Amino acid sequence: MKFIHRFAYYLGGFAIGLILLMFFLNGKDASCDYGPNARTVKNITSKPFKYSDKASSFITTQTLDSTIVMNLVKYGNVDFSESDTKVDSCKIYLIENSYKDRDLELRVKNCDSLATILDINYTNNQ
């Protein structure tokens, strides 16, 4: 069998496989979160949020809402060197993100069934 025929069979099978995958995975929430940052953020955002008094006052004074805070966590970067991940119960993560050209730091306490926003601070005043 010539190379062109083998290549045509390969492409035909590959195309059928892609179509089957699209059919079976269509509408599913399939994701490939393999990195530590993506896994941590996905774990945090899958739980209900609670706000500490300090975080609630920051949200009120800066006129933020829960959607903005959720997006800050969802699209933020976890700083594992500043996070407290050695404890067994509830780990505390430092998530960095920017909002309106200012850098924010969020401290999130991640427990089994609840994520608590402990603190939100600006890191630099421009």
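Residues numbered from 1 in each chain as written. Predicted model: local features only at pLDDT ≥ 70, side-chain atom pairs only at ≥ 80, totals over all residues. Heavy atoms only, no water.

## Digging into the sheet that holds strand β1 (residues 49-51)
Then step 1. Pairing is mixed across the open sheet formed by five strands, whose spatial order is β1-β5-β4-β3-β2. Since the sheet does not close on itself, it has two edges, and those belong to β1 and β2 (77-84), each with one partner. Averaged over neighbouring strand pairs, the angle between their axes works out to 35 degrees when direction is ignored.
Then step 2. Taken together, the four bridges between β2 and strand β3 (residues 91-99) define a ladder with antiparallel strand orientation. If you follow Asp-79 over to β3, its bridge partner there is Leu-94.
Then step 3. Taken strand by strand, helix α3 (residues 53-61) contacts β1, β4 (102-110) and β5 (115-122), and its axis lies near 50 degrees from that of β5.
Then step 4. Packing of helix α4 (residues 66-74) onto the sheet brings it into contact with β1, β3, β4 and β5, and relative to β3 it is tilted by some 105 degrees. (Pairing = 2+ DSSP bridges. Helix = DSSP H or I, 4+ residues; strand = E, 2+ residues; numbered from the N terminus. Axes fitted to C-alpha atoms, helices over the stretch in contact; angles between N-to-C directions. Contact = heavy atoms within 4.5 Å.)

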